[in-house]
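# Structural characterization, general
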Amino acid sequence: MHPLSLHMSAFGPFAAQELIDFSRLGDKPLFLINGPTGSGKTTILDAICFALYGKTTGDEREGTQMRSDLAMPDQLTEVTFTFELADKSYRIRRIPEQPRPKARGEGFTQQSAEAQLWLLDASGEPEKVIVSSKVTEATREIEQLLGMNADQFRQVMVLPQGKFRQLLTADSKDREHIFSQLFQTQIYKQLEDELKNRSAEVRREVDALNKQKNALLQNVGLESSEALAEKRLQVFGEAERHKQILTQKQNETLKASSEKDRAVELLTRFKQLDHLIAEQQKLTAGQLEIEQLSMQFQRGDKAREILPEFERFQYSSAELLKHTERLKAETLLLSTLEEGFQAASVEYAALPEWQLQLNQHKEQRQTLLGFQTRVEKLQQSGKNVSTAAHAVSAAQAQQQVAKQKVEQNTHKIEQADQMLSQLRIAVQQTGVLQLEHHKCAQQLEIKQKVEQLQKLLDGAQTALLTSRQRGNHLKALADEQQKSATVIERDWHLAQAAILALTLQDDAPCPVCGSAEHPAPAHSEIAPPTQAMVEQARIKAQQANDTLMAERENYRSINNELTRLSNEIIESNGRLGDAQKITLPALRSEYESLKKQLEALQRQQTELNKTEEVLAGLKAAQLPLSNAMDVAQQAFDAATTQHAEERKAYQIAEQEVPDDYRSPSQLEAVIAQQQNAISRCEQQIERLQQRYNLAKKQRDSAAAALAILKENQQQSQQSQDTANQQWQAALLKSVFDTVDDFQRSVIPRANREKMQQRVDEYKQAVQQNLGALQSLQNALENVSRPDVQPYLDRITAAEQAQQLADQQWRALHDQFTLLENAEQRINTLQKESTALEARYAVVGTLSDVANGQTGNKVSLQRFVLSVLLDDVLIEASHRLALMSKGRYRLLRKEDRSKGNRASGLDLEVEDGYTGRVRGVATLSGGESFMAALSLALGLSDVVQAYAGGIRLDTLFIDEGFGSLDPESLDLAIRTLTDLQQSGRMVGIISHVAELKEQIAARIDIAASELGSKIVWQ
C-alpha cells in the first residue's frame, strides 16, 4: 500500500481543510513529519488509519472524538485518503458521526457516519463505486484489499506512539493471528479445523452407535449380546411348542364347523319345502283372476280385427268437418276483400290531380336553387368586409401595445438604475458582518458545549452522591456477611470435637489422644453447622465484598469523570473570555440576529447581481421594441386600405339578390318547404297505387282459394260416406252389439303386452313350483328336521380354545422376532463401530498432531509460521545487530510454554555481551524501539518476498527516537535510509532536532490558536 494523498477537514487540531500530497515528497521517500507537541503530528497517522478502518492509531479515541473544536459549525469533519495498491489506485472517504447545524431553523442535528470507496482510473478520477455509504462494508473491503485488520495494520505498518513493544512482546496466540493474515496461512488453520471436525464427527458417530446398541438391549430388557442370543433360542423353542398346539386346535375347529355346515344345509332344505308349499297355495288362489284375464284378452283380439275400419271412418269424418269449417271462413273473407277493393278504386281515381301538384312544386324549387350561388357570393363578400375590419382593429391594438412596451421599458431602465445605486451602498457592510457572525458562532458552540458539560457535571455529582450512599450501605452489608461467616466457621470448628465425641466407644482408643478411657467427652449446646453452611456463608461474604469493590470502582470512575468535566468546563470558559458572562439565550439571539443580517446582505448581493443583469437586458431590448412599433404602424395603414376595397365589393353583390332571399337561412327554408311538398305528393301517389294493387291482388287470391275449398269439401263428403258404409258392415259381422261394446273391448298395445306377460308368468310359475315341490318331497321323505344350536355351541368352544392358543403363540413369535431383529441390528452396529474405531485411530491422531495436542503443543499452522518467523528474525536480527553494534540478536523460543498455553511463536533476545538468552520484555525503552523497528522491517521484507498478496510498501514510525543516544539514532536513520533506497516509503514522526538535519524531505505542522496547518519544506 503506497499513500498518494490525504485530505482532512475539521479533523483533530486541523480546523480548516488540509491536503497532503505525498507525491511532492518524491518516489517512495524517507520523510519527517515535524512539529511542536500537540500540533497534530500523530493526527496525520490517525487520519490515515481512520480513513481506512474508522479507528485511530492508538485506538484511544473514537472517530466521533476527532472533530476539531476550532472548526466552523457548518464545516463537516471528514477524511479522504487516496492510495495505490498492486498497480491500482483507490480513494476512501469517511465522515464520523457528529452534530451539524439544521438546514432549517436553529439548533443542531446529528450527522450519521458515512464511508465511500472508489476504484480510480489512470487520471485519478472515480471509475467504479465499490462502497456507496455503509461504514461496515467499507471496512470489510479495505481489510480484503490490504489483507489485514486495523489492529494488524497498527502493529505492522504503523509503530504508534507508546506502542512499540506490543508487536515485540505479543504472545504466540496474538502473533499467530497477525502472521496468518500477513502470510496467508489460513489454509493450514482450515486443515487443522477440518481434521478436528472430522475427528469429532467420527467420535460422535461411535458414541451414537454405542447409544443405539445400549438402547436396543434396554428395549429387550437384557444387559449383553450373549444374554440376547441365549434368550432368543429359549423363546424360539417355546414358540414352536405352542405352534403345534395351535395347529391341533385349528383342526378341532374345522371338524366342528363341518358338522355344523351339514346340519345347516339340511335345515335350509326343510325351509325351502315350506316355502314351496306356501307358494303353491298362493298360485291356486290366483287362478280365477288369470281365467278372467284370458277371456278379456280373447275379446280384445276380436276388436282388433275390425279396428282399422273404425279408424278410417273416424278419420274421414274429421276431414269432412275440417273442410266445411274452412269453406265458411273463406266465403266470409272474400266478401270483406271485395268491399276493400271497391273503396281503393274510388281513391285511385284522384291520382291525376296529385301528379299535377307534384310538377308545380318541382318548377318552383328549380327557380329558388338559381339564387343560391348569388347568396353565397354575397355572404363571402360580407365575411371579407368583417375580416378586414378585424384586421384594422388588431393592427391598431398592436400599434398601441408596441408603443406601451417602449414606454414601460424606458421606465424600468430608470427604476433599475436607482435600485442599483441603493444596493451597491448596502452590500459594502458584508465583510465586517461576516467576521462578527463567525466569532459569535464559535462562542455559541462553546457556550452550548459548556451547558451540556454542566448538565453532565450535575448528573455526575448526583451519581457520585448515590454511589457514596450505596457504598456505605454495601460496606455495612459486607461487614455483616463477613462477621456472620466468621461466626459460622468458628461454630463449625468448635462443633468438630462434639461430633468426634459421638463416635467414641468404650475401651476403644481416642483418635486424638489414644486413651481408652473417655471421662468427659465434648458436647455442643447448639446444632453444629454443616460444611455446606460454612461454604455458603463464605460465598455470601465474598459476593458482598465483590459487590462493594465493584461499587468502589464505579465511585472512582464517576469521580474521575467529574474531574474531567470540571476541567473541560474551565477550559471552555477560558476560551469564551468576556463572552462567558452572556447568557446562552442572549448569545443565541445575537447569533440569529447576525445570521439574519448576513442572510439579508447575501440576498441583497444576489439582488444586486440580478439587477445588473436585468438592466443590461432592458437596454439591449430598447432598440428592437422601437423597430416593432414602426412595423405595427405600417400594418395599420395597410389594413385600413383593404377594408375600404372589400366594403365596395359587398355593395355591388347586394343589388343582385332580392331582399327576401339575401339570408341563406331564409332561402334554404323556402327550398326545404318546396322539397317537403314534393315528397308529400310523391308519397301520396305511391300510397294510392300500392293500396289499389294490394286490394285487387287479395280479392283475386281469395276467389281462387274459395273454388279449391269447395272442390275439397265435396271429395271429403264422398270419402266419409264410403268409410261409414264399410264400418257399419264390419260391425254387423262382429260379435259386438254396439259401438260402445266394441270400444270397451279394444285393448291398448301396452296393456295387451302386460296382460300377455302376466298370463305367461303365471303358467311358468305353476310348472316350476310343481317340479321343485315333488323333487324336494322325494329327497326328504325319510329325514327328520335337525336342531342347529348344539353344533353352534361346539364351534364356539373350539374357536375360543383356538384363539387362546393363537394368542400364546403370537406373543412368543413377536418376542422372538423382536429379539432376532435386535440381535441382527446389534451385529450390524458392531461392524460399523469397529470400522469407525479404525478410522478414528487415523483421523484422531492426525487431528491431535495438527492441533498441537501432542509434544510441544505446536499446531500445524504455528509450525509453518514458526518457519516463516525464523526467516523474519534472520532479517530483523541483521538490522538489530547493526543498530545495537552487534550486541543483540532476536531468536524464537522453542521451549514448551507452561500449562496448556500455546507456544512456538514466542520471542527471546540473545545478548552478545553476556552470552545469555533472555526475554524481550527485559529490553530497555531504546532497545525495545530498535528491536521493534528491526522486527517490523524484517517482517516487511519477508512478507513481500513470499508474495502472499500483501504489500508492505510503507512504514510509519511515531516517536521513539528520543530514547536513542546520538550514535544509535544515527544507526537507526542509516537503516531506514537503506530501506527507503530499496523501494519503501518511510515516514517518521518526531520532534527530535537531530532528525531535521539528517532528513531532507519534511512536512512541518504550524500550530496556532485558530488551529494547525500543513507547511511544506
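Chains are numbered independently. Their residues run from 1 in the order of the written sequence. Per-residue local features of the predicted model are confined to residues with pLDDT of at least 70, and side-chain atom pairs are confined, for both listing and counting, to 80 or more; whole-chain, interface and lining totals are unaffected and use all residues. Side-chain figures throughout are based on the complete set of non-hydrogen atoms in the structure, without hydrogens or water.

Helix and strand assignments follow DSSP, with helices taken as H or I runs no shorter than four residues and strands as E runs no shorter than two, numbered in order from the N terminus. On a plain count of helices and strands, the protein chain comes out with 21 helices and 17 strands. The cut-offs for exposure are 20% and 50% of the maximum accessible area for each residue type, with area from a 1.4 Å probe on protein chains only; residues under the lower value are buried, those over the upper are exposed, and the others partly exposed. Here the protein chain, with 1017 residues, has 35% of them falling under the buried criterion. Contact criterion: two residues are considered in contact whenever any of their non-hydrogen atoms come within 4.5 Å of each other. Restricting to contacts in the protein chain with at least 6 residues of sequence separation, those with at least 24 account for 77%. Of the accessible surface of the protein chain, which amounts to about 60500 Å², a share of 50% is contributed by carbon and sulfur atoms. Per-residue accessibility takes into account occlusion by the displayed protein chains alone, with areas from the Shrake-Rupley method and a 1.4 Å probe.

Attention shifts here to the UniProt feature "coiled-coil region" (unreviewed entry) in the protein chain. UniProt positions are given in the numbering used here, feature names are shortened, and annotations may be inferred rather than shown by experiment. In the numbering used here, UniProt assigns the feature "coiled-coil region" (unreviewed entry) to residues 188–219, 534–621, 671–705 and 812–839. Strand forms 0% of residues 671–705 and helix 100%; the C-alpha atoms that close the span are 51 Å apart.

Moving on: the pairing of strand 1 (residues 2–11). Counted residue by residue, strand 1 has eight buried out of 10 residues, so it is predominantly covered. What makes two strands pair is DSSP finding at least two bridges between them. Pairing of strand 1 with strand 4 (residues 78–85) involves seven bridges; the strand directions are antiparallel. Note that in strand 4 the partner of Ser5 across the bridge is Thr82. In terms of strand pairing, strand 1 meets strand 2 (residues 14–21) through six bridges, oriented antiparallel. Looking at the pairing, Leu6 lines up with Ile20 of strand 2.

The next thing to look at is helix 16 (residues 749–779). Here the expected length of a helix is defined as 1.5 Å per residue gap, with one fewer gap than residues. Relative to the 45 Å expected for 31 residues at 1.5 Å per residue, helix 16 spans 46 Å between its end C-alpha atoms, a close match to the ideal helical length. Along helix 16, the residues that are buried comprise Arg752, Met755, Val759, Tyr762, Ala765, Asn769, Leu773 and Leu776. Looking at the packing, one finds that the buried side of helix 16 touches helix 7 (225–285) and helix 8 (287–348).

With respect to the helices, strands and loops of the structure, Ser199 is situated in helix 6 (residues 186–220). Residue class for Ser199 comes out buried when judged on its relative accessible area of 8%. The residues touching Ser199, leaving out its near neighbours within four places in the chain, are Tyr840, Val843, Gly844 and Ser847.

Each full turn of the α-helix corresponds to 3.6 residues, which orients residues three or four apart in the same direction. Helix length check: helix 12 (residues 531–576), at 46 residues, gives a terminal C-alpha distance of 67 Å against a target of 68 Å (1.5 Å per residue), a fit within 8%. Positive backbone phi, approximately 65 degrees, marks Gly577, located one or two places after helix 12.

This next bit is on the packing of aromatic side chains. Working definition: rings of Phe, Tyr and Trp (its six-membered ring) pair if their centres are within 6.5 Å, and the pair is stacked with planes under 30 degrees apart, edge-to-face with planes over 60 apart, and tilted otherwise. Counted by the stated rule, this structure contains six aromatic pairs. Where Phe11 meets Phe50, the ring centres are 5.8 Å apart and the plane angle is 35 degrees; that geometry is what we call tilted. Pair noted here: Phe11 is in strand 1 and Phe50 is in helix 1 (residues 41–53), with a separation of 39 residues, a long-range link. According to the relative accessible area criterion, Phe11 is buried, its value standing at 0%. Look at Phe50 and you get buried, because its relative accessible area is 4%. Measuring from centroid to centroid gives 6.3 Å for Phe31 and Phe956, while their planes differ by 80 degrees, and the two rings are edge-to-face. Residue Phe31 is located in strand 3 (residues 30–34), and its partner Phe956 is located in strand 14 (residues 954–958); the two are separated by 925 residues in the primary sequence. Like Phe31, the residue Phe956 is buried in the burial classification. Counting every residue linked through ring pairs, the aromatic cluster contains Phe22, Phe31 and Phe956.

A cavity, in this analysis, means grid points on a 1 Å lattice covering only the protein atoms where a 1.4 Å probe fits yet has no way out; a pocket is instead an open set bounded by protein on both sides within 12 Å along at least five of seven lines, and a residue lines either one if it has an atom within 4 Å of a point. Grid points are joined across faces, edges and corners, and a volume is the space filled by probe spheres set on the points. According to the stated counting rule, one finds three cavities of 30 Å³ or more in the structure shown. By volume, the largest cavity amounts to about 140 Å³. Lining the largest cavity are 15 residues, and of these Gly107, Phe108, Leu444, Tyr591 and Glu592 sit closest to its centre. Those elements that place two or more of their residues in the lining of the largest cavity are helix 11 (430–502) and helix 13 (584–654). Of the residues belonging to the lining of the largest cavity, the class tally is six nonpolar, three polar and six charged. Each residue receives one of three labels: charged for Asp, Glu, Lys and Arg, nonpolar for Ala, Val, Leu, Ile, Met, Phe, Trp, Tyr, Cys and Pro, and polar for the others, Gly being one of them.

To get an axis, a line is fitted to the C-alpha atoms, and for a helix only the part in contact is used. The angle between two axes follows their N-to-C directions and goes from 0 to 180 degrees. For the pair helix 8 and helix 14 (residues 664–733), the least separation of the axes is 6 Å and the interaxial angle reads 160 degrees. As summarised for this structure, helix 8 and helix 14 are arranged roughly antiparallel, according to the angle between their axes. In this structure, the crossing between helix 8 and helix 14 has a hand that is left-handed. Residue composition of the contact of helix 8 with helix 14, grouped by class: 21 nonpolar, 17 polar and 11 charged. For this classification, under 35 degrees means roughly parallel, over 145 means roughly antiparallel, 65 to 115 means roughly perpendicular, and everything else is oblique. Crossings are assigned a handedness: left-handed for a near helix turned anticlockwise from the far helix by less than a right angle, right-handed for a clockwise turn.

This part is about the sheet that holds strand 4. Ordered by their spatial adjacency, six strands build an open sheet running 2-1-4-5-8-9, and the pairing between neighbours is antiparallel. For this open sheet the edge positions go to strand 2 and strand 9 (126–131), each flanked by a neighbour on one side alone. Pairwise comparison of adjacent strand axes, ignoring direction, gives a mean angle of 15 degrees for this sheet. Set on the sheet, helix 1 makes contact with strand 1, strand 2, strand 4 and strand 5 (88–95); between it and strand 1 the angle comes to about 100 degrees.

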